[in-house]
Amino acid sequence: MTAPDVEATPQPLVDVDQERHARFRTSFEAVTDFGRRLLAARLAAAGVLPAPGAVAGREEILARLAVAPGYQRLGDALLDLLADAGLLRWQGDGLAVTGRVAEAAGFAEDDAVDAAAATLRREHPEAAGYVPLLVACQTQLVEVVRGDRPANEVLFPGGSADLVSAIYRDNVQLDFYNRLCAARVREHVRQFLRRYPRSYAHVMEVGAGTGGTSGPVLDALTDRTERLRYFYTDVGPAFLRLGRQRFGVDRPHVDFARYNVEGAPEDQGFEPGSMDVVLASNVLHATLRISAALRHCHALLKPGGILVVNEMTSRLDYNTLTFGLAEGWWRHAEDEPRVPASPLLDVAGWRAALGRAGFVDVRAHAVPGLDAADQVQTMFVATATGGGGASR
Ligand SMILES: C[S@@+](CC[C@H](N)C(=O)[O-])C[C@H]1O[C@@H](n2cnc3c(N)ncnc32)[C@H](O)[C@@H]1O
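The protein is annotated in an unreviewed UniProt entry as Class I SAM-dependent methyltransferase from Micromonospora reichwaldensis.

Given below as structure tokens:
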């Protein structure tokens, strides 16, 4: 018997409104199902799916879709998703459409999509923020997977992060995990400063992006700023500009710097063994090799320092239908052990990877009161061991 997969969230560290969370899950499923039907309608309208009554092999369907290199994994994942959702069904070695595709045919028209999206947002306010991104992605999916339109134009139209940011706004689930990260970082900083009253605590956030997690974490540290240095880092310079705009004013304890977690800290101006906390929220799955990224996080930490990892630990159709359009979602190495048809690791996978990278005392926390099978996200806290060591 191995250690329990996910431990109870340390209460009252962070609580969650159970009823609101249950409503969120129902709403999120309704939004996702809309996305599946939209996908089927758009593929059918583009002549990609077999006609009613006909059967076509997977390769034939993907050839009709004319998937560009870099999107082969997405193409496969989309067909599996439609089959799992009962919009396609296996017939021998081939796939056929079910009656659900004809029912969704109206979604080939933008007006019908807009009307359905408006209804969905009204009826499911808890997950309304997920709708615009889904509509944008699914109405432009065929062009993107054919390589006719860059995914970034769809996910970040005109360079704006508004579509993606809408997901984060007033989101009971993401908010819970952000508060959980904030509470854990705050707790470690508090203990460190109490133990070393003349020292500064050093916190480094990797892949800080638009600051979805940084905001709550920085807020939780406001009474510690006199002896705190917070390194807001990302591989993308555009995110550093956004971060500086959002968090750079009146926060002299925050530094902004480029850091690629796929590379060793010492090659990028960061001293190994210098951090008390490294925070990585929804970023490590995006790396070519999670094992290497974790070694670099370990190398950054002092012995006894902690890595806080916030990650999705289950594949969700919503993410395949949206973030799956970004080529980066599929860039992980072929031999990397990830949850099938996704770049993610499950809880056991993270535990194993953290252990291999030299971390001990790995704790996994998720939404209290929810069955393990229904958990989709997990926050891990792992302690770095001594010795620093090579980060490559
Ligand atoms: C999904 S966003 C998450 C942003 C933020 N942490 C949050 O939770 O709101 C992923 C971020 O990771 C960054 N990223 C991707 N690969 C990275 C790498 N190798 N090193 C550092 N950052 C990376 C991206 O630029 C992006 O800002």
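Brief notes about the packing of aromatic side chains
The tally for this structure, following the rule as stated, stands at 14 aromatic pairs. Taking 5.3 Å as the distance between ring centres and 90° as the angle between the ring planes, the aromatic pair formed by F34 and F107 counts as edge-to-face. On the criterion of sequence distance, the pair formed by F34 in helix α1 (residues 18-45) and F107 in the loop between α4 (99-103) and α5 (110-123) is long-range, its members being 73 residues apart. You can call F107 buried: its relative accessible area is 13%. Where Y259 meets F270, the ring centres are 5.5 Å apart and the plane angle is 75°; that geometry is what we call edge-to-face. Of this pair, Y259 sits in the loop between β6 (254-258) and β7 (275-281) while F270 is found in the loop between β6 and β7, placing the two residues 11 residues apart along the sequence. Take Y259 and F270: they sit in the same class, and that class is buried. One aromatic cluster in this structure is built from F24, F28, Y130 and Y318.

Regarding the environment of R58
Along the chain, R58 turns up in helix α2 (residues 58-65). Taking the C-alpha atoms as reference points, R58 and A116, separated by 58 residues in sequence, lie 30 Å from one another. Non-local contacts of R58, meaning those with residues more than four positions away in its chain, are made with D76, L79, D80 and W90.

Focus on the sheet that holds strand β2 (residues 88-91)
Taken in spatial order, the three strands of this open sheet run β1-β3-β2, and their pairing is antiparallel. Both edges of this open sheet fall to β1 (56-57) and β2, since each of them pairs with a single strand only. Two elements, β1 and strand β3 (residues 94-97), share two bridges in a ladder whose sense is antiparallel. Considered in β3, the bridge of G57 is made with G94.

Overview of the UniProt feature "domain: Methyltransferase type" (unreviewed entry) in the protein
On the UniProt side, "domain: Methyltransferase type" (unreviewed entry) is annotated at positions that read residues 204-307 here. What you have in residues 204-307 is 28% helix and 28% strand, and the ends, taken at the C-alpha atoms, are 10 Å apart.

Topic: the domain arrangement of the protein
Interfaces are often sized by the accessible area lost when the parts come together. Taken domain by domain, the protein comprises domain 1 (18-168) and domain 2 (172-384). Computed from C-alpha atoms alone, the centre-to-centre distance between domain 1 and domain 2 is 30 Å. On the side of domain 2, 26 residues touch domain 1, which itself brings 33 residues to the contact. Taking both partners together, domain 1 and domain 2 bury about 2700 Å²; carbon and sulfur atoms supply 69% of that area. Together, H21, R73 and Y168 form the three largest contributors to the area buried by domain 1 at its contact with domain 2, with a combined 24%. In this structure, the connection of domain 1 to domain 2 is made through three salt bridges. Measuring nitrogen to oxygen at the nearest pair gives 2.8 Å for the salt bridge that ties R36 to D317. The interface formed by domain 1 and domain 2 holds nine residue pairs in polar contact (both at pLDDT 80 or more) in total. Of all the secondary structure elements, the ones that give two or more residues to the side of domain 1 that touches domain 2 are α1, α3 (72-84), α6 (131-139), α7 (141-145), α8 (151-155) and α9 (162-168). Among the elements that make up the side of domain 1 that touches domain 2, the one with the highest residue count is α1 (11 residues).

Comments concerning the state of the cysteines
Per the stated rule, a full pass over the model turns up zero disulfides. Free cysteine: C181, not disulfide-bonded; nearest cysteine sulfur from C297 at 13 Å. With relative accessibility at 0%, the residue C181 sits in the buried group.

A closer look at the pairing of strand β5 (residues 228-234)
Among the seven residues that make up β5, six are buried, leaving the element largely enclosed by the rest of the structure. With five bridges joining them, strand β4 (residues 201-206) and β5 adopt parallel strand pairing. Across the sheet, residue M204 finds its bridge partner in β5, namely F231. What joins β4 to β5 is helix α11 (residues 214-220), and the crossover it makes is right-handed. For β5 and β6, the ladder comprises five bridges, and the chain directions are parallel. Its bridge partner being in β6, D234 is matched across the sheet by R258. Between the parallel pair β5 and β6, the chain is carried across by helix α12 (residues 237-247), and the sense of this crossover is right-handed.

Here's the deal with helix α13 (residues 290-300)
Summarising burial for α13: nine of the 11 residues are buried, a large majority. I290, A292, A293, L294, H296, C297, H298, A299 and L300 are the residues of α13 that are buried.

As for the packing of α1 against α3
Two elements in contact, α1 and α3, have axes whose closest approach is 10 Å; the angle formed by their N-to-C orientations is 115°. One way to sum up the angle between α1 and α3 is to call them roughly perpendicular. Between α1 and α3 lies a crossing of left-handed hand. Facing α1, whose interface residues are R36, L39, A40 and L43, α3 presents L78, L81 and L82. Split into classes, the residues belonging to the contact of α1 with α3 amount to six nonpolar, no polar and one charged.

About the criteria used
Residues numbered from 1 in each chain as written. Predicted model: local features only at pLDDT ≥ 70, side-chain atom pairs only at ≥ 80, totals over all residues. Heavy atoms only, no water. Phe/Tyr/Trp six-rings, centres within 6.5 Å; stacked < 30°, edge-to-face > 60°. Helix = DSSP H or I, 4+ residues; strand = E, 2+ residues; numbered from the N terminus. Buried < 20%, exposed > 50% of the residue type's maximum accessible area, 1.4 Å probe, protein only. Contact = heavy atoms within 4.5 Å. Pairing = 2+ DSSP bridges. UniProt positions renumbered as here; feature names shortened; annotations may be inferred. Domains from an automatic or database assignment. Buried area = accessible area lost by both parts, 1.4 Å probe. Salt bridge = Lys/Arg side-chain N within 4 Å of Asp/Glu carboxyl O. Polar contact = N/O pair within 3.5 Å; in protein donor to acceptor, adjacent residues only side chain to side chain. Disulfide = S-S within 2.5 Å. Right-handed = clockwise from strand over helix to strand, strands pointing away. Axes fitted to C-alpha atoms, helices over the stretch in contact; angles between N-to-C directions. Parallel < 35°, antiparallel > 145°, perpendicular 65-115°, else oblique. Left-handed = near helix turned anticlockwise from the far one by under 90°. Nonpolar A, V, L, I, M, F, W, Y, C, P; charged D, E, K, R; others polar.

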